[in-house]
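# Residue-level structural notes
Chain by chain, the residues:
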Amino acid sequence: MTTEASRSPLVRNLLVALTLVGGAGAAGVYVNAGPERFWANWLVWTLFLLTIGLGSLFLVALERLVGAHWSVPMRRVPERMASLLPLAIPLLLVAFLAVPVLFPWTYPEAAHNPILVAKAPWLNLPFFAVRLAACAVVWSLFYSFYVRGSLRQDDSKDPNFTVRARRLAPPFMVIFFFTVTIVAFDWISGLEPEWYSDMFGVYLFAGTFLSGIAAMILGVFGLKRRGRLPDVQSKHFYNLGTLGLAFTVFYSYIGFAQYMLIWYANLPEEVVWFKHRIEGAWQPVALLLPLLHFLIPFFLLVGGQAKKSPAVLRIAAISILLGHFVDLYWLIFPVLGAEPRLGWPELAMACLFLGLGLLQIRRVMARGADMPVGDPLLVKGLEWQL
Amino acid sequence: MTSGTFAVLGLYSDPQKIVDAANNIRPRKLGRLEAYTPYPVHGLDRAIGLAPSRLGALVMGMGILGTSLALLFEWWTSAVDYPLVTGGKPLFSWQAFVPVMFEVTVLFATFTAGLAMLFVFNKLPFFGHPVLHSEAIKDITRDKLALSIENSGSKFDAEVARQALLENGAESIEVVPVPAWNRPLSLVGLLRTMGAIVAACVVAGVGIYGVQKLLPIVPPLVRMHNQPKLNAFRSSTFFADGRGMRPAVWGTVARGHLPPAFATPEEAGDMIGNPLPLTQQTAERGRKVFSDHCAVCHGAVGDGVALLSRAYGGKPANLLSNELRGRPDGYIYGVMMLGKNAMPSYAPDLDDSDRWSAVHYVRVLQRAQNAKDEDLR
């Protein structure tokens, strides 16, 4: 049916055109708007794609860890969404060029700042590069194991892979949390290295996981609308909605806890970070966060019937993904100045990265069967009752 | 027969059959459809026509009520009834209120969920169900599933119900009569319940009292706390005058606390100069003294604008003013010793070198705000 329409070359050509226009625009941004703005955009979008990919990979491993059955028929969706990693990891490696531009601890003045001198054993270029490389290697290995292994299982029907995937899940969790924390500390809070918050790693993880769930919801309904995944039913959506609701609350809890502790203690070096982000011109952006990331998804998803409604789940997922993007923008862009920057440079970079991301998703959505047909747990997942 | 029948039970062994039977019988509206099963059967709730629970909406409503009440309460206590500045924050600090609002929301929601489930939707207290007195209950609690058509008024006919169940594959049928006892809240029952509660209280009370009186229970880790010692601001029988805190020996003065030889700050300005040399060390020490004792009113840079002055509307002196820049060191020292206007004496809090260091630091602040070109070189 519409499966053929979705593979139409027109959409693909439009996306390629969008990417090319964005690419040309991005070159213009570098020349005309300056490298700071170029790299800030690059960082926001790279982290956006990276966190969706990491969140999806985390969902895949989480299912293995807890031995869930309900999500097995839908697992191909987060596995495919995790394929944003092969796109985002090279983008993040390129972003290493942004470090001397955007990160104050690389500036010559840092040698005279006692706080930065004290942090130098962590914040120095060689060690930064080592951490980046280690994260990239670890992610690639796990991606290759979980996603490519699952694809191979389609043909081999080897039940041992399911066992091995479960055994690897606990170490994956530990290593995954380390890498997400490193991303949060290195790439986001490192932009203002005098600031300090223990919780920031968990904060980024909450957003990562939540955007993984949102991407999964959108992917599942995208496939269902094209007549694929006919065996995935409202009982399966219900659990997706529950997970989304729970981690909407988790994200808000972590986000607020971080804000409240810093607000209460009112220490100058910590509170100034929030002062730049919730006062003045940044206030409307800050207010978007609780709206998109908490109020809309929470009240949409809190009802029992709502979690079975594709329309409600889709709106909630879009709200969460938008909120996640606004979150990254709000975390990173204030280093450029007291005014939120939103103009043609942002539009051009958005075209480039959206085009790249959508092309990648489109490509991998055709890869392998729509359900993990080689997984012995698939039958249980289909028979599973709410 | 109709009036004396509570329900007609049809027994099944196969969960799918009971779901099908319920789906067939439900549209005929023979009576209220109910099912008794030893384990949950998927789809049976819809088959017997159970509406979605309204518990969720109730929990939501009560949760929002909890949030609102907590906010109202916190606003009233902190900003209206007993306004008290805490940590220099505004009286109405929503950030500080959120944890309590969250907890009260959860409290209201969970209590509503538990209590409404038991007492509203499950109709407790309910001391016995007629089906518990049927023959079939032994099978129902083991491996049989019962579909029950229950007497719901005039349209109910036990014979029709029996036929309907038989037609839909029931393995056996039992007609459950309305039991003779139908007064769960009798006077005797209430008195027995209350008697049991009173008896339980008496037993628990006597037991706890007895254990505490008779058994040597050593309180953990308070022995150091209970040793004989002097407590600040407490009386003591150890000294003849009954005071716990000792006054200084007559005729002695603590180091750095010589009583001033001047009566006004102006006199001090004429009489004494700063005996401490201005060094990096004394200036650093002055900064510590200043930020501990002075900055709270005079402001971190000494301009007289600070958290406390803003909160209470006081007007502490601007230490950077031309008048104070023209005063001698001894004058500033004198104000610290004697106090001025609303400012109390800081003589007991600071020793002599602290005061003179603070004077140096005030000079540093004044210089910093009026820097000349050569200061930058």
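Throughout this description, residue numbers start from 1 for each chain and increase along the sequence as written. Here every chain gets a letter starting at A, and every ligand a number starting at 1, in the order they are written. Only residues with pLDDT of at least 70 are given local features in this predicted model, and only at 80 or more are side-chain atom pairs given and counted; all residues enter the totals for whole chains, interfaces and linings.

Here we take up the overall build of chain B. Numbering of helices and strands runs from the N terminus; a helix is a DSSP stretch of H or I covering at least four residues, while a strand is a stretch of E covering at least two. Summing up its helical and strand segments, chain B has 13 helices and four strands in all. Computed over its C-alpha atoms, the radius of gyration of chain B comes to 41 Å, more than 25% above the 21 Å expected for a compact globule of 377 residues. Structurally, chain B occupies a C-alpha span of about 115 × 65 × 35 Å along its principal axes. Expressed as a percentage of the 377 residues in chain B, the buried residues total 22%. Contacts in chain B between residues far apart in sequence, at least 24 positions, make up 71% of those at least 6 positions apart. For the radius of gyration, the atom set is restricted to C-alpha positions; the globular benchmark scales as 2.2 Å times the number of residues to the power 0.38. Burial is judged by counting other C-beta atoms within 10 Å of a residue's own C-beta: 20 or more means buried, 12 or fewer means exposed, and anything between counts as partly exposed, with every C-beta placed from the backbone. What counts as a contact here is a pair of residues whose C-beta atoms, placed from the backbone, lie within 7 Å.

So, on to the domain arrangement of chain B. What fixes the domain bounds is an automatic or database domain assignment. Taken domain by domain, chain B holds domain 1 (1-182) and domain 2 (265-371). Its C-alpha centre places domain 1 of chain B at a distance of 72 Å from the equivalent point of domain 2 of chain B.

Next up on the list: the packing of helix 2 (residues 9-33) of chain A against helix 3 (residues 35-66) of chain A. Residue and element names in this part refer to chain A. For the pair helix 2 and helix 3, interaxial distance at closest approach is 6 Å and the crossing angle is 140 degrees. Judged by residue contacts, A26, V29, Y30 and A33 of helix 2 engage P35, R37, F38 and N41 from helix 3. Side-chain classes are defined by residue name, with Ala, Val, Leu, Ile, Met, Phe, Trp, Tyr, Cys and Pro counting as nonpolar, Asp, Glu, Lys and Arg as charged, and the others, Gly among them, as polar. Looking at the contact of helix 2 with helix 3 residue by residue, the classes come out as six nonpolar, one polar and one charged. Only the stretch in contact is used when fitting a helix axis, every axis being a line fitted to C-alpha atoms; angles between N-to-C directions are given from 0 to 180 degrees.

What follows covers the nonpolar core. It is characteristic of soluble globular proteins that their nonpolar side chains tend to be buried jointly. Each nonpolar core consists of buried Ala, Val, Leu, Ile, Met, Phe, Trp, Tyr and Cys residues. Their C-beta atoms, within 7 Å, join them into a set. Counting residues in hydrophobic clusters, the biggest one holds 98 residues, and the most contacted among them are L43(A), L49(A), L57(A), I213(A), M216(A), I217(A) and V220(A). Looking at this core element by element, the count peaks at 18 residues for helix 3 of chain A. Excluding residues within four positions of it along the chain, I213(A) makes contact with L59(A), L240(A), L243(A), G244(A) and F247(A). Grouped together as the second largest cluster of nonpolar side chains are 29 residues, A7(B), V19(B), I25(B) and A35(B) included.

The interface is formed by seven residues belonging to chain B together with nine residues belonging to chain A. A per-element tally of the side of chain B that touches chain A places helix 4 (residues 94-121) of chain B first, with three residues. When its residues are assigned to classes, the side of chain B that touches chain A shows four nonpolar, three polar and no charged.

In this section: the packing of helix 10 (residues 200-225) of chain A against helix 11 (residues 234-265) of chain A. All names here are of chain A. At a minimum axis separation of 9 Å, helix 10 and helix 11 run at an interaxial angle of 155 degrees. By the criterion of interaxial angle, the relationship of helix 10 to helix 11 is roughly antiparallel. At the point where helix 10 passes helix 11, the crossing takes the left-handed sense. Across from V202, Y203, A206, G207, F209, L210, I213, A214, M216 and I217 in helix 10, the residues of helix 11 making contact are L240, L243, G244, F247, T248, F250, Y251, I254, G255 and Q258. Taken together, the residues of the contact of helix 10 with helix 11 sort by class into 15 nonpolar, five polar and no charged. These descriptions rest on fixed angle ranges, namely under 35 degrees for roughly parallel, over 145 for roughly antiparallel, 65 to 115 for roughly perpendicular, and the rest for oblique. It is the rotation of the near helix from the far one that decides the hand of a crossing: anticlockwise by less than a right angle makes it left-handed, clockwise makes it right-handed.

Next up on the list: the sheet that holds strand 2 (residues 32-36) of chain B. All names here are of chain B. The four strands are arranged 2-3-1-4 in an open sheet whose pairing can be described as antiparallel. One side of each edge strand has no neighbouring strand; the edge strands of this open sheet are strand 2 and strand 4 (172-177). Recorded for the sheet is a direction-independent mean angle of 25 degrees between the axes of neighbouring strands. The pairing criterion for strands is at least two bridges between them, as found by DSSP. Across five bridges, strand 2 lies against strand 3 (residues 145-150) in antiparallel orientation. Residue pairing across strands places A35 opposite L147, the latter belonging to strand 3. Contacts between helix 1 (residues 15-25) and the sheet are confined to strand 1 (5-12), strand 2 and strand 3, with strand 3 contributing the most and set at about 15 degrees to the helix. Sheet strands touched by helix 6 (residues 158-167): strand 1, strand 3 and strand 4. Its angle to strand 1, the strand with the most contacts, is close to 10 degrees.

Below, the discussion takes up helix 4 of chain B. Residue and element names in this part refer to chain B. A maximum bend of about 35 degrees is found in helix 4 at L115. Within helix 4, the full set of buried residues consists of V104, F108, A109 and T112. The inward-facing, buried residues of helix 4 abut helix 3 (55-81). Immediately beyond the C-terminal end of helix 4, within one or two residues, lies K123, with a positive phi of roughly 60 degrees. Fitting axes to the seven residues ending at a residue and to the seven starting there, one defines the bend at that residue as the angle between these axes.

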